[in-house]
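# Breakdown of the fold
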Amino acid sequence: MSSFLILTLLLGYFLVLILISFLTGKNDSNVDFFKAGKQSPWYLVAFGMIGASLSGVTFISVPGWVEASQFSYFQVVLGYMVGYVVVAFVLLPVYYKLNLTSIYEYLFQRFGFVSHKTGAFFFFISRVLGAAFRLYLVAIVLQQFVFSDWNVPFEITVIISILLIWIYTFRGGIKTIVWTDTLQTLFMITAVVLSIYFITDSLGWSFTEFLASDELKSYSTIFNTDSILDKNYFLKSFFGGLFVTICMTGLDQDMMQKNLTCKSLKDAQKNMLSFSVVLTFVTFLFMLLGALLFIYAKQNNIAIPLLDGKPKTDLLFPEIALNSGLGITLGITFILGLIAAAYSSADSALTSLTTSFCVDILDMKDKSEQEQKTIRKKTHIGMSVLLVVVIIAFKYTLNSNVISSLLTVAGYTYGPLLGLFAFGIFTDYKIKDRYVWMVALVSVAIVFMLGNIPAENLGGYVIGYELLPLNGLFTFIGLMLIRRK
């Protein structure tokens, strides 16, 4: 598939998004940018959140991880489902009761100024890194299969990617994203279904024959219950997934900002529960696709693509879709799905970073409407520049599979948020607010040291997803130590 055709698809896709932005962003008010006027239909939000949750990481990295991890990632996904129930019935009622714009305003009302800033700071770090991970994936694919043919530097590829997102989000904000996410989710699900169809057909299988094949069985082990020492042991993965969802969805302004655009708490809860079921099914499809990709590569002697001289399984899907001779339809399907997957999460991340920085860090709510709008627009540009810098840095520092790296970083950055919100919701204690930032940093430092202890020093025990709940626990204990009488 030619690089010119891929670029044409990219530009055509963004023209559609810009049109949606024009139609939804006519008002250009802060209320619409931050809350979409609290008029979003719950089913629209639920469908769009699937794309935002999956992102380019799921679209490329989950299939690319199947050879190394089999289907063990599904243990984490089962934990996600339980986590969404907790978010729906524990956290959403708190946010709706207080009518929040940023969910970290809860920490100010519950504990005070320093707690508010600490929570906002850890979200800021978490979301910048998370969004950069996701956009890094799509940038390396565009670089590998489009811009390298024209000798365009990777840095320019990243700048173009962020600029396109900024163009269609700078006016409408979350109101635009609720609608664009719906379109992007549709493209993504269509892409994975058609990709499975085209590849199974090329192998001479029907879908049911593929599911019954011996080749699939060699990749499809889900449950790891052999040894608790393993990183992917079932209970470790399940509870890790549960806490990842609570933190990366329920304590994340990006994901909650969409929920807070629903008309009522009941609508938001229906959105969360229905979304969790569909998300689980779609993620399983991605793992089936991953097995199919490795089976196809093995039968056709397709090598794992190299990035900077190293094998990169994240690039296997684009290599097969674009360069293996399966036809232009699969190539077009892949490109539209990839673009949709990457930008459905990145656009909302950019908007939520702007929201949190304006509301939580800059405290702009006491300023006039015009001043708030000016601050919002300048912040939106600043967040775009920051993402460009971080993504470029990843090219020179990131070595492992992206989804593995994303879950590892979440263990460090979301833990203090877990501890703060748990302490606020499940206890009645007040705390010495000025010491909260120290508690959070000490907790992260302890968890970082634990995460870097060699397995042989722990009797072969590999620390993995449990870093996140441990981080939250240490923060909770630290808050107990600074509670007020």
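As a reminder, the structure under discussion sits directly above these lines.
Residues numbered from 1 in each chain as written. Predicted model: local features only at pLDDT ≥ 70, side-chain atom pairs only at ≥ 80, totals over all residues. Heavy atoms only, no water.

### Let's talk about the packing of helix α6 (residues 113-145) against helix α19 (residues 436-451)
In contact at an axis separation of 8 Å, α6 and α19 are set at 35 degrees when each is read in the N-to-C sense. Contact residues: V114, S115, T118 and F122 in α6; V436, W437, A440, L441 and V444 in α19. In terms of residue class, the contact of α6 with α19 is built from 7 nonpolar, 2 polar and no charged. (Axes fitted to C-alpha atoms, helices over the stretch in contact; angles between N-to-C directions. Helix = DSSP H or I, 4+ residues; strand = E, 2+ residues; numbered from the N terminus. Contact = heavy atoms within 4.5 Å. Nonpolar A, V, L, I, M, F, W, Y, C, P; charged D, E, K, R; others polar.)

### Some thoughts on the pattern of salt bridges
Applying the stated criterion across every chain, the model contains 5 salt bridges. Between D363 and K117 there is a salt bridge whose closest N-O contact spans 3.0 Å. Placement of the pair is D363 in the loop between α15 (328-361) and α16 (369-397) and K117 in helix α6, with a sequence separation of 246 residues. Classification of K117 as buried rests on a relative accessible area of 16%. Between D267 and K270 there is a salt bridge, and its shortest N-O distance comes to 3.5 Å. With D267 and K270 both in helix α13 (residues 265-299) and 3 residues apart, the pair spans about one turn of that helix. Of the residues examined, D267 reaches a relative accessible area of 15% and is grouped as buried. A relative accessible area of 34% places K270 in the partly exposed class. (Salt bridge = Lys/Arg side-chain N within 4 Å of Asp/Glu carboxyl O. Buried < 20%, exposed > 50% of the residue type's maximum accessible area, 1.4 Å probe, protein only.)

### Here's the deal with a nonpolar patch on the surface
Among the surface-exposed residues, V442, I446, F448 and M449 lie close enough to one another that they form a single nonpolar patch of about 380 Å² accessible area. With respect to the helices and strands, M449 occurs in helix α19. (Patch = residues over 30% accessible without salt bridge, like charges linked within 9 Å, V, L, I, M, F, W, Y side chains within 5 Å. Areas by Shrake-Rupley, 256 points an atom, 1.4 Å probe, with all protein chains shown as cover.)

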